[in-house]
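Next come the chains, spelled out residue by residue.
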Amino acid sequence: MGLTPAAARTLCDRILDLVAADSATVHISAADDQHVRFANNDISSSALIDQLELTLTVGYGRRSATVATTATDERALMRLVDQAQALAKLAPEDPEHMPPVKPARFAEAIAWSDRTANAAPEDAVGWLRPVIERARAAGVDTAGYLTRSVGGSTLANSSGLFVQQRSTSVGFSLTARTPAGRGSGWASTQVTDIRDLDLAAVGEQAIGKALASRNPVARAPGRTTVVLEAAAVRDLVCWLLWRLERRPFDEGRSFLNRLVEQGSDPLGAALFGNSATLLSDPLDPAAPCATHADGLPLTRTPWIENGRLKSLAVGRYWARKQGLPPQPTPGNLLMPGDGKSLDELVGMVDDGILITRIWYLRELEPETLLVTGLTRDGTFAIQQGRLAGPVQNFRFNESPLNILRRIVASGIPCRVLGSESDFPAHVPPLVVADFNLSSISDAS
Amino acid sequence: MQRRDWFKHVSVAGLALAAGRWQVTTARAAGIADVFSSLADSALGKATALGASFADLHVMQSDSESLFVREEMVQGVRADSTLGCSVRVLVNGAWGFAASTDLSVAGVVRLAESAVAIARAQAGWRGQPVEIETLPAHSARWEQPVDVDPFTVPLEEKVERLLAISGAARVAGADFCTVGLQQVRERKWLANSFGSRIEQTRIRVAPTFTATVTDPKTGRFASRDSLAPPRGAGWEHPRDWDFIAEATLAVEQAREKMAAPSVTPGRKDLVIAPSNLWLTIHETVGHPTELDRALGYEANFAGTSFCTPDKLDRLQYGSELVTIRADRTASQGLATTAFDDDGVETAGKEFPIIERGVFRNFQTALGQAALIGRAGSNACAYADGFAAFPLQRMPNISLQPGPDPAVTVADLIAGVDDGIYIEGNGSWSIDQQRYNFQFTGTVFHRITGGRLDGMLRDVAYQGNSVDFWNACDGLGGAAACELRGAFHCGKGQPPQAAPVSHAAVPARFRGVNVLNTAAEAGGRAGAAGGACNGGSLRRWA
């Protein structure tokens with residue numbers, strides 16, 4: 001990483017020493033990142049990025065301001081502190097301002113690998129060679145992205161809190177397309193330790209889907225039973241997970257408000273199907289993450305358990321106002337499964353669709369959590385428990401709430417990247433009834 | 001605390017210090033200008049000595065300030081300043097790139113070495129070499145003209161403005177109101193091995209607000225966002241936009257929206273205001289005509305395009321009324337600049353994308369135009385930070401006014417018997433080849449017999465990009481043209497955000513598919529275990 005742990009500590013101490021305000025919080029984010037993109041079976045850009053960002057929030061009573069910079073020399077630090085203090089003095093009082101968090105004990109994060117941190121950048125470029133050469137041999141065009149991040153995050157404040165955590169991550173995704181027949185397939189992986197990295201398997205999966213999805217036929221849209229692969233599940237379920245919040249509900253502007261009677265609390269209510277369970281746990285090796293969020297410990301938290309709502313995220317101010325303990329937003333998503341193979345899930349469907357990836361998920365209606373999106377990179381008909389050939393892509397309009405109410409069966413959880421997010425998630429494929437495919441997309 | 005009360009707590013010295021806070025970054029920029037030439041000579045000299053056939057050095061300082069008001073509370077006062085540099089090299093037909101915050105001569109030399117090494121790592125198994133055109137050398141300095149540099153405006157004046165907007169919404173009956181202001185200044189220094197040395201400064205602002213009303217009895221709620229666009233402008237833009245009147249109107253419209261009748265789905269005629277249409281232009285014309293997408297370079301994330309090179313000069317993209325042009329020179333344009341991030345001059349590079357309905361041009365960056373047999377880049381490269389590899393990004397892309405300069409939005413509405421007039425943006429989504437889009441809006445007005453007839457809710461319009469533009473049969477005149485745009489258009493891996501403007505006139509489209517989003521949701525959030533009306537399970541678990 002761009003800054004050693006000792007240097008980050010020294011930097012935090014120095015800044016806190018310079019601050020004359022009532023309170024101060026310093027956050028340092030530093031990373032050595034490598035990004036390799038490829039397209040048309042050749043590397044299109046290869047980048048090494050050494051970045052650091054230093055953020056300081058200072059407060060005078062209920063006035064506060066935040067200033068961020070990339071500079072760390074002594075003059076820059078003095079400037080940073082001066083600017084933050086000047087701005088904070090000018091800021092109006094915020095009745096919801098909260099003092100810095102108190103020191104706490106944090107579990108040691110497990111999202112670090114020396115092997116990943118020490119891999120030579122040139123070697124990482126070389127990892128792609130067999131994948132791209134395999135694609136060339138298979139006669140498909142591939143485009144993809146390999147990113148290796150080696151970073152550290154340090155948080156310190158004037159209340160005595162100091163926490164430092166390091167993380168490594170490698171993400172890889174690949175799209176394979178056939179020159180003829182409009183076939184397309186996508187696959188991904190995300191690991192902490194490069195020992196677990198299997199780029200070839202990802203490549204084979206994407207190429208296999210591309211070849212299998214050639215010459216798709218149109219199938220009428222409508223509500224139908226679908227098998228959602230894990231990549232689709234994570235995008236839809238995360239949409240709901242991030243909206244499990246106390247304050248919007250209390251203020252009457254959450255999707256939860258329409259699910260309970262006025263004056264009733266949603267916690268404990270059976271709002272979802274019996275088989276819906278969502279957890280977060282920073283120490284689960286399947287998808288580890290930091291063990292704190294802005295200085296609040298992250299621990300294993302059930303959000304939905306067997307269909308009942310178990311937790312809502314609560315910010316520090318709202319928690320104090322409502323007399324509740326604060327609950328940080330989750331740092332990862334874990335969703336247990338039934339352990340069925342994808343073939344077994346497909347085997348349960350008499351007439352339906354296998355959706356392998358979704359795209360461009362956007363909110364249509366916050367009251368019902370209705371979202372729209374599209375299938376892409378391999379969509380297949382299911383007939384009598386077997387895959388029955390590729391079909392054209394669909395636009396869907398569906399609520400993740402309904403998805404968690406209509407789970408029929410689930411498979412083996414796995415860690416995959418999202419279409420627009422690398423939030424750590426370990427989720428199973430699902431069979432979902434009555435999924436609203438609203439129109440056909442000509443994209444392939 | 002009332003909005004004026006806090007001023008009296010602020011000392012004169014404090015005001016002076018805060019007002020001068022951005023002078024520090026200006027001074028830092030001046031320092032870079034002093035040393036840039038030696039940094040460039042060192043970095044480019046090292047890169048070429050190590051075998052690079054092309055190299056460039058980018059130094060970028062990005063200053064931003066964001067303010068956030070929630071109801072009567074100022075909850076976010078934040079200033080960010082990033083400064084760093086990158087070296088991009090082309091070695092044996094392979095790109096290499098390295099970036100850091102170390103702006104020393106030794107630092108940029110190390111970047112050149114790293115970039116060359118990472119490019120050479122592809123040796124022995126590369127397929128097609130990257131080839132680029134030779135660019136003219138420029139020595140230039142350019143600053144975006146603004147009336148009032150927002151970084152010189154006292155914080156208290158901005159906070160006062162934001163609190164006044166929230167106050168107006170609350171007086172009008174908003175249960176909640178958030179107001180935000182973002183201002184960005186990009187300073188870029190570019191040197192390349194063709195001999196260019198360019199310094200540029202761009203400024204932009206994005207004022208926003210959202211007013212929300214709730215009905216605790218039903219659990220319903222509705223929001224109405226401001227229709228104010230972001231601009232490549234200074235403080236004059238948020239200062240002069242009539243937010244106070246708009247905040248009051250927004251609350252009225254949010255209430256009306258919550259109680260409005262739900263739309264009957266089906267084919268309808270639409271009149272679309274520039275405040276909504278700009279995003280439709282962006283998604284259905286802007287992104288599909290990016291050449292890197294069309295050639296597969298974004299296939300893994302943003303996608304490819306239905307608009308392939310074989311369709312140039314052949315595809316009837318829209319009706320004869322439709323002409324859409326690209327530029328990086330428009331006044332207050334968010335993509336406006338004198339040189340793109342490859343060092344290509346933008347003046348004289350304006351071009352039609354659609355001309356009288358026919359597809360004419362792709363957007364290109366360095367090394368792309370020759371791939372489709374066209375002469376050099378049309379100046380569409382952009383990098384969103386010092387650590388960002390330059391990509392082909394959208395210029396300002398604008399729908400040209402109709403032939404009759406006197407046509408107003410009312411004239412377009414008068415030509416609709418049963419339809420909808422749509423203002424503002426809501427949700428947007430489009431497939432990875434840009435065929436199937438679905439958009440909502442902020443406010444939907446029913447049109448009956450050529451007149452507005454109250455509001456509707458639950459509206460989304462969905463279609464195919466080419467069919468949609470071919471269904472255009474009416475355009476407003478030049479007087480109805482408005483400059484709209486996006487502060488953060490996403491593309492690339494890792495994702496980069498680019499600012500871009502779209503000028504548009506109101507336009508009329510015939511027979512567009514309109515959906516009812518409440519019906520799409522399956523009624524009231526759906527019932528547990530809802531029955532399938534299509535598809536079935538072989539056996540339930």
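The structure presented is a predicted model; accordingly, all values stated were derived computationally and were not measured. (Residues numbered from 1 in each chain as written. Chains lettered and ligands numbered in written order. Predicted model: local features only at pLDDT ≥ 70, side-chain atom pairs only at ≥ 80, totals over all residues.)

A. Summary view of the overall build of chain A. Scanning chain A from terminus to terminus reveals 10 helices and 23 strands. In terms of C-alpha radius of gyration, chain A reaches 24 Å, essentially the compact-globule figure of 22 Å for 444 residues. Projecting the C-alpha coordinates of chain A onto the three principal axes gives extents of approximately 70 × 60 × 35 Å. Here chain A holds 444 residues, and 58% of them are scored as buried. Partitioning the contacts of chain A with sequence separation of at least 6, the portion at a separation of at least 24 is 75%. (Helix = DSSP H or I, 4+ residues; strand = E, 2+ residues; numbered from the N terminus. Rg over C-alpha atoms; globule rule 2.2 N^0.38 Å. Buried ≥ 20, exposed ≤ 12 C-beta atoms within 10 Å, placed from the backbone. Contact = placed C-beta atoms within 7 Å.)

B. Representation of the overall build of chain B. Assigned secondary structure in chain B consists of 11 helices and 23 strands. In terms of overall size, chain B behaves like a compact globule, its C-alpha atoms giving a radius of gyration of 25 Å where 541 residues would be expected to give roughly 24 Å. Along the first, second and third principal axes, the C-alpha atoms of chain B reach 70 × 65 × 65 Å. At a minimum sequence separation of 6, the contacts of chain B that also span at least 24 residues come to 76%.

C. The interface of chain A and chain B, seen in detail. Taken residue by residue, the interface counts 102 residues in chain A and 92 residues in chain B. With 11 residues, strand β2 (residues 42-60) of chain A is the largest single contributor of residues to the side of chain A that touches chain B. A class-by-class count of the residues in the side of chain A that touches chain B yields 34 nonpolar, 38 polar and 30 charged. Where β2 of chain A meets strand β3 (residues 94-100) of chain B, 3 bridges bridge the pair, whose relative direction is parallel. Counted as the bridge partner of Ile49 of chain A is Ala99 of chain B from β3 of chain B. (Nonpolar A, V, L, I, M, F, W, Y, C, P; charged D, E, K, R; others polar. Pairing = 2+ DSSP bridges.)

D. Focus on the domain arrangement of chain A. Residues and elements named next belong to chain A. The domain architecture assigned to chain A consists of domain 1 (5-211), domain 2 (212-238 + 336-441) and domain 3 (257-330). Between domain 1 and domain 2, the C-alpha centre-to-centre distance is 30 Å. In this assembly, 16 residues from domain 1 lie in contact with 14 residues from domain 2. Within the residue set of the side of domain 1 that touches domain 2, elements represented by two or more residues are β5 (162-177), β6 (184-191) and α5 (199-212). It is β6 that contributes the most residues to the side of domain 1 that touches domain 2, 5 residues altogether. Within the side of domain 1 that touches domain 2, the residues separate by chemical class into 3 nonpolar, 11 polar and 2 charged. (Domains from an automatic or database assignment.)

E. Region of interest: the pairing of strand β15 (residues 418-430) of chain B. Residues and elements named next belong to chain B. Where strand β8 (residues 266-272) meets β15, 4 bridges bridge the pair, whose relative direction is parallel. Bridge pairing in β15 places Val271 opposite Tyr421. In this structure, β15 lies alongside strand β16 (residues 436-448), joined through 10 bridges in antiparallel fashion. Across the sheet, residue Glu423 finds its bridge partner in β16, namely Val443.

F. Looking closely at the nonpolar core. One finds Val87, Val89 and Ala115 of chain B to be the most contacted residues of the largest nonpolar core, which totals 220 residues. Of the residues forming this core, the biggest block, 9 residues, is contributed by helix α6 (residues 230-241) of chain A. Excluding residues within four positions of it along the chain, Val89 of chain B makes contact with Ala47, Ala52, Ala55, Gly96, Ala112, Ala115, Val116 and Ala119 of chain B. Within the second largest apolar cluster, 59 residues are counted, among which are Ala84 and Val163 of chain A together with Val77 and Ala254 of chain B. (Core = buried A, V, L, I, M, F, W, Y, C linked by C-beta atoms within 7 Å.)

G. Representation of the environment of Leu345 of chain A in the model. Residue and element names in this part refer to chain A. Within the secondary structure, Leu345 sits in helix α9 (residues 342-347). The buried category is assigned to Leu345, around which 27 C-beta atoms lie within 10 Å. Sequence separation between Leu345 and Gly411 is 66 residues; the distance between their C-alpha atoms is 7.0 Å. Beyond its immediate stretch of four places on either side in the chain, Leu345 contacts Val227, Lys340, Ala409, Gly411, Pro429 and Val431.

H. Structural context of the pairing of strand β1 (residues 54-70) of chain B. All names here are of chain B. Buried residues dominate β1, accounting for 13 of its 17 residues. Sheet topology places β1 next to strand β2 (residues 73-91); 17 bridges connect them, and they run antiparallel. Paired with Ser66 across the two strands is Arg78, which belongs to β2. Here β1 folds back onto β2, and the loop between the two strands holds 2 residues, one of which, Glu71, carries a positive phi near 50°. When β1 meets strand β5 (residues 176-192), the two strands line up antiparallel, connected through 15 bridges. The residue of β5 that forms the bridge with Met60 is Lys188.

I. Region of interest: the packing of helix α4 (residues 155-171) of chain B against helix α6 (residues 243-259) of chain B. Residues and elements named next belong to chain B. Viewed as axis vectors pointing N to C, α4 and α6 meet at an angle of 30°, and their least axial separation amounts to 8 Å. Taken as axis vectors, α4 and α6 run roughly parallel relative to one another. For the crossing formed where α4 meets α6, the hand is right-handed. Two secondary-structure elements touch here, α4 through Ala164, Ile165, Ala168 and Ala169 and α6 through Phe243, Ile244, Ala247, Thr248, Ala250 and Val251. (Axes fitted to C-alpha atoms, helices over the stretch in contact; angles between N-to-C directions. Parallel < 35°, antiparallel > 145°, perpendicular 65-115°, else oblique. Left-handed = near helix turned anticlockwise from the far one by under 90°.)

J. Local environment of unusual backbone geometry. Residues and elements named next belong to chain B. Across the junction of Gln493 and Pro494, the peptide omega takes the value -5°, indicating a cis bond. In the Ramachandran plot, Arg356 falls in the positive-phi region, its phi being about 50° despite a non-glycine side chain. In this fold, Arg356 is placed in the loop between β10 (351-355) and β11 (358-359). Judged by C-beta crowding, with 14 C-beta atoms within 10 Å, Arg356 ranks as partly exposed. Of note, the phi angle at Arg434 is positive, near 70°, even though the residue is not glycine.

K. Spatial organisation of the packing of helix α4 (residues 121-138) of chain A against α5 of chain A. All names here are of chain A. Close contact between α4 and α5 brings their axes to 9 Å; oriented N to C, the two are set at 25°. Comparing their axes, α5 and α4 come out roughly parallel. Two packed elements cross with a definite hand, and for α4 against α5 that hand is right-handed. Here Trp127, Pro130, Val131, Arg134, Ala135 and Ala138 of α4 come into contact with α5, specifically with Leu199, Ala200, Gly203 and Ile207. Grouping the constituent residues of the contact of α4 with α5 by class yields 8 nonpolar, 1 polar and 1 charged.

L. Just the environment of Arg14 of chain A, in detail. Structurally, Arg14 of chain A is set in helix α1 (residues 5-18). A sequence separation of 251 residues divides Arg14 of chain A from Asp265 of chain A, and the C-alpha atoms of the two residues are 47 Å apart.

M. Up close: the domain arrangement of chain B. Residue and element names in this part refer to chain B. The domain architecture assigned to chain B consists of domain 1 (5-123 + 130-259) and domain 2 (266-519). Domain 1 and domain 2 are separated by 24 Å when their C-alpha centres are compared. Taken residue by residue, the interface counts 41 residues in domain 1 and 34 residues in domain 2. For the side of domain 1 that touches domain 2, the per-class residue count stands at 18 nonpolar, 13 polar and 10 charged.

N. Layout of the sheet that holds strand β14 (residues 396-399) of chain B. All names here are of chain B. Strand order in the open sheet formed by 4 strands is β11-β10-β9-β14, with antiparallel pairing between adjacent strands. Each edge of the open sheet carries a strand with a single partner, namely β11 and β14. Note: strand β9 (residues 324-327) against β10, 3 bridges, orientation antiparallel. Bridging across to β10, Ile324 finds its partner in Ile354.

O. The arrangement of the environment of Val87 of chain B in detail. Residue and element names in this part refer to chain B. With respect to the helices and strands, the residue Val87 is situated in strand β2. For Val87, a count of 30 C-beta atoms within 10 Å corresponds to the buried category. Counting along the chain gives 55 residues from Val87 to Trp142, while the straight-line C-alpha distance between them is 22 Å.

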